Structure formats: C-alpha cells, structure tokens
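This is what each chain is made of:
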Amino acid sequence: MDAINQQNKPFSLPHNMQKFTISGKEKSMLIAFFSTLILGPIGLFYASLMGGVIMTFIGALIFLFCNLTSSFILMKWGLICVWIISMIWSYNAAKKTIKDPERRLIFRNAESVLYKSMIFVLAFLITVPLIIVLVYIIRQGITQVNWHFLTHVPAPVGEAGGGIANALLGSFIMVMVAAIMAIPVGMMAGIYLSENPKTRLAYYSGLCVDILQGVPSIVVGIVVYFWIVKPLGTFSAISGSVALAIMMLPIVIRSTEQTLKMLPDSLKEAALSLGVPYHRVIIKVIIPCGFAGILSGIMLSIARIIGETAPLLFTAFGSPFLSSSITKPMESLPHLIFTYATSPYDDWHNLAWGASFILLMFVLVLNIVTKVITRKWKVQL
C-alpha cells in the first residue's frame, strides 16, 4: 500500500536538487506570438535574433523573386508561409526561455491537449465528405427503389417506369468472372513474392505490380479493347471482365504478400519439421493463418472495380436488354449511371439516382461483411 500511495503522489523536484536554469532574459510568449502575428518575420526579432534574420531574408528573397517574375499569387502564398513559420518559431523560441519548470510543464500539457484536439477535429473533418455523399445519394435514390425497379429492364425513351435488372445482372456476372480470373493468379503471385522476396524475379514482379496499380482505368480499357474487342470484332462481357481482372490483380497480390509476410516463420518451420510437404504447408497452414488479410484484399479489390466505368466503355459497352451471355455486350451499373445521368430525360435521371443508391449500398454491405468475416476468421498469433 505504501508503494501504491507513493506512486499516486504528484511528482515534484526535491528541495535539495538544483533546478535547471536558462541563461538570458525570459521572453513573454504572448508578446512573441502577437508581435509576429502583426509584424511577421520582423516581429520574430523579439524572441530570436537568428530566426528574425533568417525569416526576414527569406521573405525579402520571395518578394524580390516574385516581383521580377510577376508571380503575385506565388508571392501571396509564399509570404503567408513565411508569416506562419515566423509565428511558430517565435512561440517556440519564447517558450524555451521560461525558467520555471512548473510553468514549462503547464505549457507542455496545454500543447498536448491542443494537438489532440486538432487531431480529433481533423479526423472528424475527413468523414464529413463521406457523410454528405451518403446522405445526398440515399435521399435522392431510396425513393426510386422498389420491386419493379429491381426486376425490369429500362423502358424506352418517353415511357414511364423501367428498372435496372439488366445492369444488376451484368455487373454481377462481370465481377464474378473477373474475380474467378484474378483471385487465383493474384494469390499465387502474392505467395511467391512473400516466400521468395530476395530473388530477381520477385523484385521485377513487385515493380510491375506497383506500376500496374498506378495505371489509369481508362488505359486498361483501351489496351483490352485492342487485345480482345478488336480481334473478336464485337464488344463483350468477357472483355470487360478481363479489364476488371487486370485492375484487381495488384490489390490481391499486395494484400496477400503483406499478410503472409506478417506471419512468424515459426509456423512454417514447425510444419516442415513434422515432415509436411511444402505445398501442403502453404495450403493448410500459411494461407488459413493469413485468411483474414487475404479476404480483406479480395473484398477491397471487388469494391474497387464494381464502380469502374471507363474500362467498360471500351469493352462491355452496355446493352438495354437482359443478357447473360459473356460473349455479347452487357450492361453494368456504373455504365448505366453514366449514361442516364448525362441524358436530358428526368425519368432516366431518377433511374440513375436509384442505381447509384444500389451501388453504394452494395459496396457498404460488402465492407461490413468483410469486417465481420475477418473478425471471425482472425487468428491470434
């Protein structure tokens, strides 16, 4: 109990311990802050002579350079940056001159609270755009969704009603075919990269994966158009699936690789020491232990491609009819939204809002299901 009471007592310096002192005159932080707020780098001379010289020199250089080049916008933002840096420098320089350790501790705690508050505010601000988009799409699209909307094809121009059954079926088929093509290849490539990270092939393969991840989706659509659509002489759902599969590959590969790299080597060594063949170790031990991360990457890749429009413009192209043949043109939700949203008809605008709501809910449910399954299958190592 005595030890606990000693820990609960506030910390204070012993009287016989010499307190640290700072040479020089103590500066007022309030005066330092407001002097730079009003005078900029010139006001920095109060708290720091060296800082005042440096920031005044930088401000003068920016002013002269922008005057010579007539870059008045650059001058404006450059001087604003100099002003802000001068305020921060002045505040910190004045704070360092405080001699009383208790006052320094008070300012340090106040700064900690201020920074934590800024982090909370910024974390909330990044969710504001998402909330606005969700609320707006739900408000506009939920009134359009009904059974007729989900089970009928679009009506001809000038007729009321119609639905998005063809786009729902088309998106489902193309995404499933793309997943069947991309997931096995992506998982095998990720396993190779995690098991052989130091080989030359792994280095260049990883480089290609990173480059492929940065390729714009419309470029992928153009490439698949010349690879498949043009030789076959027709748009088709299979060409759209190939384009989507190419976009899925980098996400599946990297998620599989990074997940398996986090697993301890002792898992594989223990299985190998029992005489289990290498391929069974990968299938029965390594992949099940990293299943949560691999599944998260797969779901993320599906959510990434299900809203892509650009590659489908050059491949699947779209169709107003209900079709399940992967060798023929096929409609998809993103393409339908793009077509109907840019049309001059109010009925088609309503269909586009309804389709946007369905697409948004699908992605939202997909992410929720991923979180639930990941938590259930997570292995504590």
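Each chain has its residues counted from 1, following the order in which its sequence is written. Only residues with pLDDT of at least 70 get local features here, since the model is predicted, and only at 80 or more are side-chain atom pairs given and counted; chain-wide, interface and lining totals rely on the full set of residues. The side-chain quantities take in all heavy atoms of the structure and omit both hydrogens and water.

### Quick notes on the environment of T327
Relative to the helices and strands, T327 is located in the loop between α15 (310-313) and α16 (333-341). C-alpha separation for the pair T327 and F235, spaced 92 residues apart in sequence, amounts to 7.8 Å. Each residue touching T327, except ones within four places of it in the same chain, is listed here: T234, F235 and S236. Polar side-chain contacts of T327 include one of 3.0 Å to the side chain of S325. Secondary structure counts use DSSP, requiring at least four H or I residues in a row for a helix and at least two E residues in a row for a strand, with both numbered from the N terminus. Contacts: residue pairs with any heavy atoms within 4.5 Å of one another. N or O atoms within 3.5 Å of each other form a polar contact, as long as, within protein, one can give a hydrogen and the other can take it, and as long as residues adjacent in sequence are counted only when both atoms are side-chain atoms.

### Describing the nonpolar core
Throughout, nonpolar core names a set of buried Ala, Val, Leu, Ile, Met, Phe, Trp, Tyr and Cys residues whose side chains join them through atoms within 4.5 Å. Each residue's exposure class comes from its accessible area (1.4 Å probe, protein chains only) as a fraction of the maximum for that residue type: buried when under 20%, exposed when over 50%, partly exposed otherwise. One finds I164 and M248 to be the most contacted residues of the largest nonpolar core, which totals 63 residues. Those elements that provide at least two residues to this core are α8 (165-195), α9 (200-213), α10 (217-232), α11 (237-261), α13 (278-289), α14 (291-305), α16 and α17 (346-377). Beyond its immediate stretch of four places on either side in the chain, I164 contacts F149, H152, L333, L336, A355 and I358. Grouped together as the second largest cluster of nonpolar side chains are six residues, M29, A32, A93 and A94 included.

### So, a nonpolar patch on the surface
Surface patches are defined over residues having more than 30% relative accessible area and no salt bridge, joining like charges when they lie within 9 Å and nonpolar side chains (Val, Leu, Ile, Met, Phe, Trp, Tyr) when within 5 Å. Each accessible area is a Shrake-Rupley estimate made with a 1.4 Å probe; only the visible protein chains count as cover when residues are assessed. Salt-bridge detection follows one rule: a side-chain nitrogen of Lys or Arg within 4 Å of a carboxyl oxygen of Asp or Glu. Where nonpolar side chains cluster on the molecular surface, the patch consists of L30, F33, F34, L37, I38, L39, I42, F45, L49 and V53 and spans about 960 Å² of accessible area. Among the secondary structure elements, those contributing two or more residues to the nonpolar patch are α2 (29-39) and α3 (49-69). Considering every element that reaches the nonpolar patch, the biggest residue donor is α2, with six residues. Take L30: it is sitting in helix α2. The class of L30 is exposed, set by a relative accessible area of 57%.

### Side note on the environment of T199
With respect to the element layout, T199 can be found in the loop between α8 and α9. Under the relative-accessibility criterion, T199 is labelled partly exposed at 30%. In the structure, T199 is positioned 92 residues away from F291 in sequence and 25 Å away in space, judged by C-alpha atoms. A polar contact is formed between the side chain of T199 and the backbone oxygen of N196, at a distance of 3.1 Å. At a separation of 3.2 Å, a polar atom in the side chain of T199 contacts the main-chain amide nitrogen of A202.

### Side note on the confidence of the model for the protein
What pLDDT expresses is the predictor's confidence in each residue, scored from 0 to 100. Looking at the protein, pLDDT values average 83 and 92% of them are 70 or higher. Confidence drops under a pLDDT of 50 for residues 9-23, and excluding neighbours within four residues, the segment shows eleven contacts in the predicted structure.

### Here's the deal with α10
Spanning 16 residues, α10 covers 21 Å between terminal C-alpha atoms, matching the ideal 22 Å at 1.5 Å per step. One axis is fitted to the seven residues ending at the residue and one to the seven starting there. The bend at that residue is the angle between these axes. Of all the bends found along α10, the most pronounced is centred on Y225 and spans about 45°. Buried residues along α10 sit against α11 and α15. Taken from the residues just after α10, G233 is the one with a positive phi, measuring 80°. Given a helix with a known number of residues, its expected span is that number minus one, times 1.5 Å.

### Regarding the packing of α8 against α14
Axis separation between α8 and α14 bottoms out at 11 Å; the angle between their running directions is 140°. Considering their axes alone, α8 and α14 lie oblique with respect to each other. Handedness of the crossing formed by α8 with α14: right-handed. Counting all contacts with α8, which are made through V175, A178, I183 and M187, the residues of α14 involved are I294, I298, I302 and I305. Side-chain classes follow a simple rule in which Ala, Val, Leu, Ile, Met, Phe, Trp, Tyr, Cys and Pro form the nonpolar group, Asp, Glu, Lys and Arg form the charged group, and the remainder, Gly included, forms the polar group. Here the contact of α8 with α14 is composed, by residue class, of eight nonpolar, no polar and no charged. Between N-to-C directions, angles span 0 to 180 degrees; the directions come from axes that are lines fitted to C-alpha atoms, helices contributing only their stretch in contact. Under this scheme an angle from 65 to 115 degrees is roughly perpendicular, one under 35 degrees roughly parallel, and one over 145 degrees roughly antiparallel; angles in between are oblique. Should the near helix be turned anticlockwise from the far one by less than a right angle, the crossing is left-handed, and should it be turned clockwise, the crossing is right-handed.

### Overview of the packing of aromatic side chains
Stacked, tilted and edge-to-face pairs are distinguished by plane angle, under 30 degrees for stacked and over 60 for edge-to-face with tilted covering the rest, among Phe, Tyr and Trp rings (Trp via its six-membered ring) whose centres lie within 6.5 Å. The tally for this structure, following the rule as stated, stands at seven aromatic pairs. Relative to W353, the ring of Y136 lies with its centre 5.4 Å away and its plane at 70°, an arrangement referred to as edge-to-face. In this pair, Y136 is assigned in helix α6 (residues 128-141) and W353 in helix α17, connecting sequence segments 217 residues apart. Here Y203 and Y204 contribute two aromatic rings whose centre-to-centre distance is 5.1 Å and whose plane-to-plane angle is 80°, an arrangement assigned as edge-to-face. Taking the relative accessible area as the measure of exposure, Y203 reaches 54% and is therefore exposed.

### Description of the pattern of salt bridges
As enumerated under the stated definition, the model contains five salt bridges in all. In this structure, D210 and R254 form a salt bridge, with 3.0 Å as the shortest nitrogen-oxygen distance. Of the two residues, D210 is situated in helix α9 and R254 in helix α11; the sequence distance between them amounts to 44 residues. A residue is classified by how much of its surface remains accessible, and D210, at 40% relative accessible area, is partly exposed. Among the ionic pairs, E308 bridges to R304, the shortest N-O distance being 2.1 Å. Under the relative-accessibility criterion, E308 is labelled buried at 12%. A network of salt bridges, in which partner residues are shared, links D210, R254, E257 and K261.

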